[in-house]
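Single-letter residue listing:
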Amino acid sequence: MNEGTASTAILGDEYDEQLREKLAEALREMGAVLDGHDWSVAGSQEIDSYSVTIADQHLLVEAETFVGLSISGSRELVDEVMAHLAKA
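Residues numbered from 1 in each chain as written. Predicted model: local features only at pLDDT ≥ 70, side-chain atom pairs only at ≥ 80, totals over all residues. Heavy atoms only, no water.

Draft legend 1. Focus on the overall build of the chain. The number of helices and strands found in the chain is two helices and five strands. Tracing the chain from N to C terminus, the helices and strands come up as β-α-β-β-β-β-α. A compact globule built from 88 residues would reach a C-alpha radius of gyration of about 12 Å, and the chain, at 13 Å, matches this within 12%. Dimensions of the chain, computed from C-alpha atoms along their principal axes, come out at roughly 40 × 25 × 20 Å. (Helix = DSSP H or I, 4+ residues; strand = E, 2+ residues; numbered from the N terminus. Rg over C-alpha atoms; globule rule 2.2 N^0.38 Å.)

Draft legend 2. Geometry of the sheet that holds strand β3 (residues 45–54). A sheet is described by the order of its strands in space; here five strands give the open sequence β1-β5-β4-β3-β2, paired in antiparallel fashion. Strands with a single pairing partner mark the edges of an open sheet, and in this sheet they are β1 (6–12) and β2 (33–42). Averaged over neighbouring strand pairs, the angle between their axes works out to 15 degrees when direction is ignored. Relative to strand β5 (residues 68–74), strand β4 (residues 57–64) is paired through six bridges, and the arrangement is antiparallel. Looking across to β5, one finds that E64 is bridged to G68. Each of β1, β3, β4 and β5 is contacted by helix α2 (residues 75–87), which is oriented at about 135 degrees to β5, the strand it contacts most. (Pairing = 2+ DSSP bridges. Axes fitted to C-alpha atoms, helices over the stretch in contact; angles between N-to-C directions. Contact = heavy atoms within 4.5 Å.)

The following block contains the structure:
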């Protein structure tokens, strides 16, 4: 399995509930399986992160105060998720 070069895409504001729902639906449609969830606070920043697996590739979804909602993984997988979101 070659997961390619790592990539991160910031999708929008971390508090955008519609965007979060749209991402969750896209991941479900892509067959994502939840591997884990973590929530933490560091100073004034709150970080909510989920790790999922899609077709044997790992994707990290993070909602971080002042940073936004982001996805990180192989460039190919990030691009695939972005394309799926663009269709929705």
